Amino acid sequence: ESVIEQVTLLAIRQLRGSLTLADPTIPGCPLIGCSDGFQAMTGYVRNEIIGRNCRFLNQGVPMEKSTRARLARSVEKGTEFIGVLQNVRKNGEYFENLLRITTLSVYDRTYLIGIQADITHLDIDIDSTLAETPMAARSKVHSRLEEATNTAHLETLRLASDRIFAGCIDAWVQMYVWEFAIRLPAPYSQLLQLLAPEDWDEERDKCV
């Protein structure tokens, strides 16, 4: 396991939002990391999650063929998936999971990141809405539904990206600081964000 991957896993671990990280290069695309928010939402602890495919949350739950096909395509080809899945918590309670799957590249490694939200008490059914919409208008409806989910998901993804980049740059700087016995007044990532925010955004986008 590379240093970069360890930093990436640690960066998402303490996020309150629900995130999972999967490795598509491993057969079965197992989860290799998750946030504290995912544990809280599902009731499972990390050692019950890591190494399993995220399908364990909907075992025994019926799923539309079109949804299953889109999920499979997302895993196989890295295409984005947005949909509502019925999942089951560890205690057996059913909940509606608004799931977004997209690719996340950290330097030369590409992962599948899942961002989840419990919308059990909201009335959102993307697949049914599209199925009941005339074909000519489906693209517009899909765009509106996608836009409605973007804000919260993208904010969570942006926070994860910031944390991953901060962890990577601090780990890299720490190696040199340790070697030359240099003491910094604060982590280098904080100094860079404070003193050169434009450089921070540019370098983060190169990393993540």
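Residues numbered from 1 in each chain as written. Predicted model: local features only at pLDDT ≥ 70, side-chain atom pairs only at ≥ 80, totals over all residues. Heavy atoms only, no water.

**Structural notes on the overall build of the protein chain**
Looking only at helices and strands, the protein chain features 8 helices and 5 strands. In sequence order, the secondary structure elements of the protein chain are arranged as α-β-β-α-α-α-β-β-β-α-α-α-α. Relative to its full complement of 208 residues, the protein chain shows a buried share of 41%. Of the roughly 12400 Å² of accessible surface on the protein chain, 53% is carried by carbon and sulfur atoms. (Helix = DSSP H or I, 4+ residues; strand = E, 2+ residues; numbered from the N terminus. Buried < 20%, exposed > 50% of the residue type's maximum accessible area, 1.4 Å probe, protein only. Areas by Shrake-Rupley, 256 points an atom, 1.4 Å probe, with all protein chains shown as cover.)

**Description of the nonpolar core**
Membership of the largest hydrophobic core comes to 17 residues, with the highest contact counts inside it found for Ile12, Leu19, Leu21, Leu104, Val106, Ile113 and Ile164. Among the elements of the structure, α1 (3-13), β1 (18-22), β4 (94-106), β5 (109-118) and α6 (138-180) are those that each provide at least two residues to this core. (Core = buried A, V, L, I, M, F, W, Y, C linked by side-chain atoms within 4.5 Å.)

**Some details on unusual backbone geometry**
One non-glycine residue with positive phi stands out, namely Cys29, at about 50°. Summarising the element assignment, Cys29 is placed in the loop between β1 and β2 (31-34).

**A look at the pairing of strand β3 (residues 81-88)**
Burial analysis of β3 places 7 of its 8 residues in the buried class, the great majority of the element. In this antiparallel pair of consecutive strands, β3 and β4, the connection spans 5 residues, and Gly92 shows a positive phi of 90°. (Pairing = 2+ DSSP bridges.)

**A closer look at the layout of surface pockets**
Considering only enclosed or pocket space, the largest pocket measures out at about 460 Å³ in volume. If you go around the largest pocket, you meet 26 residues; those closest to its centre are Asn53, Cys54, Arg55, Leu71 and Val75. Among the elements of the structure, β1, α4 (65-77), β3, β4 and β5 are those that each provide at least two residues to the lining of the largest pocket. Ranked by residues supplied to the lining of the largest pocket, first place goes to α4 with 5 residues. (1 Å grid on protein atoms, 1.4 Å probe; cavity = no way out; pocket = protein on both sides within 12 Å on 5 of 7 lines; lining within 4 Å. Points joined across faces, edges and corners; volume = space filled by probe spheres on them.)

**Digging into the environment of Arg16**
The residue Arg16 is located in the loop between α1 and β1 in this model. Of the residues examined, Arg16 reaches a relative accessible area of 81% and is grouped as exposed. Between the alpha carbons of Arg16 and Phe38 there is a distance of 8.1 Å; along the sequence they are 22 residues apart.

**Thoughts on the packing of aromatic side chains**
Under the counting rule described, the total for this entry stands at 1 aromatic pair. Judged by centre distance (5.0 Å) and plane angle (90°), the rings of Tyr44 and Phe56 are edge-to-face. Of this pair, Tyr44 sits in the loop between α2 (36-42) and α3 (46-49) while Phe56 sits in the loop between α3 and α4, placing them 12 residues apart in sequence. Judged on exposure class, the residue Tyr44 and its partner Phe56 are both buried. The aromatic ring of Phe56 is capped on one face by Arg52, whose charged end is 4.2 Å from the ring centroid. (Phe/Tyr/Trp six-rings, centres within 6.5 Å; stacked < 30°, edge-to-face > 60°. Lys NZ or Arg CZ within 6 Å of the ring centre and 35° of its normal.)

**Considering α4**
Quick reminder: α-helices carry 3.6 residues per turn. Residues three or four places apart thus point the same way. Compared with an ideal rise of 1.5 Å per residue, which puts 13 residues at 18 Å, α4 spans 18 Å between its outermost C-alpha atoms and is within 8% of the ideal. Those residues of α4 not exposed but buried are Thr67, Leu71 and Ser74. The buried residues of α4 occupy an angular sector of 60° when the element is viewed end-on, so they sit on one face. Across α4 from its buried face, at more than 90 degrees, point the exposed residues Lys65, Glu76 and Lys77. (Expected span 1.5 Å × (residues − 1). Arc of directions from axis to C-beta.)

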